[in-house]
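The chain contents come next:
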Number of protein chains: 2
Amino acid sequence: MDLSAMQHRSIRKFKATAIDYQTLEAVAQATSSSEFLQSFSLIRVTDTALRAKIAKISGSQVLFQPNGELFIFVVDTARAIGLTEPHSDVHTFTNWNAFLAGAFDATLALQNMLAYAERTHLGGVVLGSILNDPQQMIDLLHLPKYTFPLVGLMVGVPDEQPQQKPRLPQTLVVGENTYPTFDQTAMADYDTAVTRYYAERGAGARTESFTSLVRRHLTANQQHRDEIGQILKAQGFELPQA
Amino acid sequence: MDLSAMQHRSIRKFKATAIDYQTLEAVAQATSSSEFLQSFSLIRVTDTALRAKIAKISGSQVLFQPNGELFIFVVDTARAIGLTEPHSDVHTFTNWNAFLAGAFDATLALQNMLAYAERTHLGGVVLGSILNDPQQMIDLLHLPKYTFPLVGLMVGVPDEQPQQKPRLPQTLVVGENTYPTFDQTAMADYDTAVTRYYAERGAGARTESFTSLVRRHLTANQQHRDEIGQILKAQGFELPQA
């Protein structure tokens, strides 16, 4: 039985070994997409100066190391819009729904790639942190109108074996036919499990429960993330209206 | 070699055989999540009357058949916000970035579940079509504030073997260090490949290229999708500002 799908842990340290990135790219492309429109593009970053700039945006230590492949998943309706020209009304490719469809496509493709990597004894880490400065990402990758850099992924041969983080109790996350009810006892047990995980892990042991982690997020540095609306609009996407 | 990750095709017809849905749920929960906040919930729909209502919203034929498990993936920052109470400023759990993080978490979990299903000889289809009427989905599933029904997934034992749809040429989708340049010849070849696929497939053969499919999307029925902004706001999420 292949348990890799149940054993994900983020890998942030890789060996120098080269990996078969072309197969990974093919896996990403083979993923489901919304309306079969394949509304994403994929950029593999091999230039070290470019990677250093992305590392600075993300802040993730994994990017400051030389190993591993870096992929940026881009929401992309530009390719489709190019095929409709000349056409005056491209609302269905620029509205909130189109953006969301591109975000699905990009994220599904990323996870298909990561799951395949993990199944073949590679490892990786999702980098939501490229959203710290989307405008700079757009400039660095020369992204045209109707595209948006959504999320990054590092993949490589693992050079560390972190423990798996305990997940929320199923009773808190999964409901049958309706939203799950909140179970205080299950939550308290989970806080205990998370506290144990953080106390016992080798590198970076600390005092931390799930609740304390959530509360610290209240003051998380949003960097340039509150500018995403402006940036999306400048990229040609319509913002959702209340 | 396990090729399932490269051979996805959407399955819309399932056998009556029961599947191990609990393992699938555990796989979804084991997925990467943004900041380890696990900002999604999962609802398994077993009630036939409820399923019939969701079928009407989605319009997807797969839901009008009795077989297969239906999962709804929900963006959820309500659980985290509950852990911060009493707290006056929950901006980091309600802003656009928090919604996007929840959308990542939900979509990554869905694809991890689907990839695992396909690897174990099950099949499935992603149902973006639940967004046709998000408010009704919210009401049907009793979703509280700070949650949003993002996407559905049907999984089961395949009772059909559709052909795989050809994907866009890699040269159009994947760039190295920069956005890929548009290659007209590659696009024309792809249109030919897609036309052949639609002409040759058994059920539902039709005249269709990728370009014609894209152009028809210009007049796609948006149903209630342009209301998503209002609905998100009513659910407690802040909309991106230009």
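Worth saying up front: this structure is predicted, and the values here are computed from it rather than measured.

Undergrad: Any chance you could explain the interface of chain A and chain B here in plain terms?
TA: When the parts of a complex come together, some accessible area is lost, and that lost area is often taken as the interface size. Facing the 107 residues of chain A at the interface are 107 residues of chain B. Across the chain A to chain B interface the summed buried area is about 9,400 Å²; carbon plus sulfur atoms make up 62%. The tally of links between chain A and chain B comes to two salt bridges. Here Glu 176 of chain A ties to Arg 44 of chain B by a salt bridge, and the two come within 3.7 Å at their closest N and O atoms. At the surface where chain A touches chain B, the tally comes to 58 residue pairs in polar contact (both at pLDDT 80 or more). With 14 residues, the single largest contributor to the side of chain A that touches chain B is helix α5 (residues 96-119) of chain A. Residues of the side of chain A that touches chain B, tallied by class, amount to 57 nonpolar, 33 polar and 17 charged. Pairing of strand β1 (residues 40-45) of chain A with strand β5 (residues 174-176) of chain B, which is carried by three bridges, proceeds in the parallel orientation. Residue Arg 44 of chain A lies in a different strand from β5 of chain B, and its bridge partner there is Glu 176 of chain B.

Undergrad: What's the story with the confidence of the model for chain A in this structure? I'm lost.
TA: In low-pLDDT segments, the atomic positions of the prediction should not be examined closely. Scored by pLDDT, chain A has a mean of 96; 100% of the residues are at 70 or more. The complex model carries a pTM of 0.97, and its ipTM stands at 0.97.

Undergrad: I'm lost on the relation of the copies chain A and chain B in this one. Help?
TA: Both copies of the chain are placed relative to one another by a rotation about an axis and a shift along it. Expressed as a screw transformation, the operator carrying chain A onto chain B has a rotation angle of 180° and an axial translation of 0.0 Å, and the superposed copies differ by an RMSD of 0.0 Å. In the structure described here, the two chain copies are related by an operation that fits a two-fold rotation axis. Most of the interface of chain A is mirrored in chain B, where 100% of its interface residues are also at the interface.

Undergrad: It is not clear to me how the packing of aromatic side chains should be interpreted in this structure. Could you clarify?
TA: Within a pair of aromatic rings, the relevant descriptors are the distance that separates the centres and the angle that separates the planes. For the coordinates displayed, the defined rule picks out 15 aromatic pairs over all chains. Ring centres 6.3 Å apart and planes at 85° place the aromatic pair Phe 210 of chain A and Phe 36 of chain B in the edge-to-face group. Within this pair, whereas Phe 210 of chain A is found in helix α9 (residues 210-217), its partner Phe 36 of chain B is found in the loop between α1 (21-29) and β1 (40-45), the two belonging to separate chains. Phe 36 of chain B shares its class with Phe 210 of chain A; the two are buried. Ring geometry for Phe 99 of chain B and Phe 148 of chain B: centres 5.8 Å apart, planes at 70°, overall edge-to-face. Separated by 49 residues along the polypeptide, Phe 99 of chain B in helix α5 (residues 96-119) and Phe 148 of chain B in strand β4 (residues 147-156) bring together distant segments of the chain. Here Phe 99 of chain B and Phe 148 of chain B have matching classes, each one buried. Through a chain of ring-to-ring contacts, three or more aromatic side chains come together here, namely Trp 96, Phe 99, Phe 148 and Phe 237 of chain A together with Trp 96, Phe 99, Phe 148 and Phe 237 of chain B. Seen from the ring of Tyr 21 of chain B, Arg 44 of chain B lies directly overhead, with NZ or CZ sitting 3.3 Å from the centre. One cation-aromatic arrangement involves Lys 165 of chain B over Phe 36 of chain A; the distance from NZ or CZ to the ring centre is 4.6 Å.

Undergrad: What should I look at first to understand the pattern of salt bridges in this one?
TA: A side chain of one charge can pair with a side chain of the opposite charge if their charged atoms are brought near each other. Residue and element names in this part refer to chain A. According to the stated counting rule, one finds twelve salt bridges over all chains in the structure shown. Its salt-bridge partner being Glu 25, residue Arg 44 comes within 3.6 Å of it at the nearest N-O pair. Taken together, the positions of Arg 44 in strand β1 and Glu 25 in helix α1 (residues 21-29) put the pair 19 residues apart, joining distant regions of the chain. Given the relative accessible area of 4%, Glu 25 is considered buried.

Undergrad: Would you take a moment to explain the sheet that holds β4 of chain B for this structure?
TA: Backbone-to-backbone hydrogen bonds pair the strands of a sheet. The strands run either parallel or antiparallel. Judged by pairing direction, the sheet is mixed, and its five strands sit side by side in the order β5(A)-β1(B)-β2(B)-β4(B)-β3(B) without closing on themselves. At either end of the open sheet lies a strand with only one pairing partner, and these are β5 (174-176) of chain A together with β3 (123-127) of chain B. Averaged over all neighbouring strand pairs, the angle between strand axes comes to 25°, with direction disregarded. Alignment of β1 of chain B against strand β2 (residues 69-76) of chain B, held across six bridges, turns out to be antiparallel. Counted as the bridge partner of Ile 43 of chain B is Ile 72 of chain B from β2 of chain B. The strands touched by helix α2 (residues 48-58) of chain B within the sheet are β1, β2, β3 and β4 of chain B, with β1 of chain B carrying the most contacts at an inclination of about 110°. Lying on the sheet, helix α6 (residues 134-141) of chain B is in contact with β1, β2 and β4 of chain B; it crosses β4 of chain B at an angle near 80°.

Undergrad: So what exactly am I meant to see when it comes to the nonpolar core here?
TA: Nonpolar side chains in soluble globular proteins tend to be buried together. Ranked by size, the top nonpolar core spans 164 residues in total, and within it Phe 73, Phe 148 and Leu 150 of chain A together with Phe 73, Phe 148 and Leu 150 of chain B carry the most contacts. Beyond its immediate stretch of four places on either side in the chain, Leu 150 of chain B contacts Leu 100 and Phe 104 of chain A together with Phe 73, Val 74, Val 75, Phe 99, Ala 103, Ala 106, Thr 107, Ile 130 and Leu 131 of chain B.

Undergrad: Explain the packing of helix α8 (residues 184-200) of chain B against helix α9 (residues 210-217) of chain B to me, please; I cannot follow it from the model alone.
TA: A pair of packed helices is captured by two measures, namely the crossing angle of their axes and the spacing between those axes. All names here are of chain B. Put simply, α8 and α9 touch, their axes get as near as 7 Å, and they point 85° apart. Relative to α9, the element α8 lies roughly perpendicular. The segment α8 lies against α9, with Met 187, Tyr 190, Asp 191, Val 194 and Tyr 198 engaging Phe 210, Thr 211 and Leu 213. Looking at the contact of α8 with α9, its residues break down into six nonpolar, one polar and one charged.

Undergrad: I keep staring at the side chain of Arg 119 of chain A and nothing clicks. Help me out?
TA: Structurally, Arg 119 of chain A can be placed in helix α5. Owing to a relative accessible area of 11%, Arg 119 of chain A belongs among the buried residues under this scheme. Residues within four places of Arg 119 of chain A in sequence aside, it is in contact with Asp 2 and Ser 4 of chain A together with Asp 2, Ser 4, Ala 5 and Arg 119 of chain B.

Undergrad: Honestly, the sheet that holds strand β2 (residues 69-76) of chain A in this entry has me stumped. Any pointers?
TA: The strand order β3(A)-β4(A)-β2(A)-β1(A)-β5(B) describes an open sheet built from five strands, whose pairing is mixed. Among the strands making up the open sheet, the edge pair consists of β3 (123-127) of chain A together with β5 of chain B. Neighbour-to-neighbour, the strand axes of this sheet turn through a mean angle of 25°, independent of strand direction. Sitting on the sheet, α1 of chain A touches β1, β2 and β4 (147-156) of chain A together with β5 of chain B, and the angle it makes with β1 of chain A is about 165°. Along the sheet, helix α6 (residues 134-141) of chain A makes contact with β1, β2 and β4 of chain A, crossing β4 of chain A at roughly 80°.

Rules behind the numbers
- Counting restarts for each chain: residues are numbered from 1 in the order of the written sequence.
- The lettering of chains begins at A and the numbering of ligands begins at 1, in the order of writing.
- pLDDT decides what is reported in this predicted model: residues at 70 or higher carry local features, side-chain atom pairs at 80 or more are listed and counted, and totals for whole chains, interfaces and linings draw on all residues regardless.
- Computation of side-chain values covers all heavy atoms of the structure but excludes hydrogens and water.
- Contact criterion: two residues are considered in contact whenever any of their non-hydrogen atoms come within 4.5 Å of each other.
- A quick way to say it: buried area is the sum, across both parts, of accessible area lost when two parts are put together, with a 1.4 Å probe.
- A side-chain nitrogen of Lys or Arg and a carboxyl oxygen of Asp or Glu constitute a salt bridge if their distance falls within 4 Å.
- Here a polar contact means two N or O atoms within 3.5 Å. Within protein one must be a hydrogen donor candidate and the other an acceptor candidate, and residues neighboring in sequence count only if both atoms are side-chain atoms.
- The helix and strand labels rest on DSSP assignments: H or I over at least four residues marks a helix, E over at least two residues marks a strand, and numbering proceeds from the N terminus.
- Gly is put with the polar residues, along with every residue not named as nonpolar or charged; the nonpolar set is Ala, Val, Leu, Ile, Met, Phe, Trp, Tyr, Cys and Pro, and the charged set is Asp, Glu, Lys and Arg.
- By this definition, two strands are paired if DSSP reports at least two bridges between them.
- The predictor rates its confidence in each residue with pLDDT, a number between 0 and 100.
- The copies were overlaid with a least-squares fit restricted to C-alpha atoms from residues scoring a pLDDT of at least 70 in each copy.
- Think of it this way: a Phe, Tyr or Trp ring, Trp meaning its six-membered ring, pairs with another when their centres are within 6.5 Å, and the plane angle makes it stacked under 30 degrees, edge-to-face over 60, tilted otherwise.
- Working definition: with a 1.4 Å probe on protein chains only, accessible area under 20% of the residue-type maximum means buried, over 50% means exposed, and in between means partly exposed.
- The criterion is that NZ of a Lys, or CZ of an Arg, lies within 6 Å of the ring centre and within 35 degrees of the ring normal, and then a charge sits over that ring.
- To get an axis, fit a line to the C-alpha atoms, keeping to the stretch in contact for a helix; angles then go from 0 to 180 degrees between the N-to-C directions.
- Among the buried residues, those of types Ala, Val, Leu, Ile, Met, Phe, Trp, Tyr and Cys that are joined through side-chain atoms within 4.5 Å form a nonpolar core.
- Between 65 and 115 degrees an angle is taken as roughly perpendicular, under 35 as roughly parallel, over 145 as roughly antiparallel, and anywhere else as oblique.

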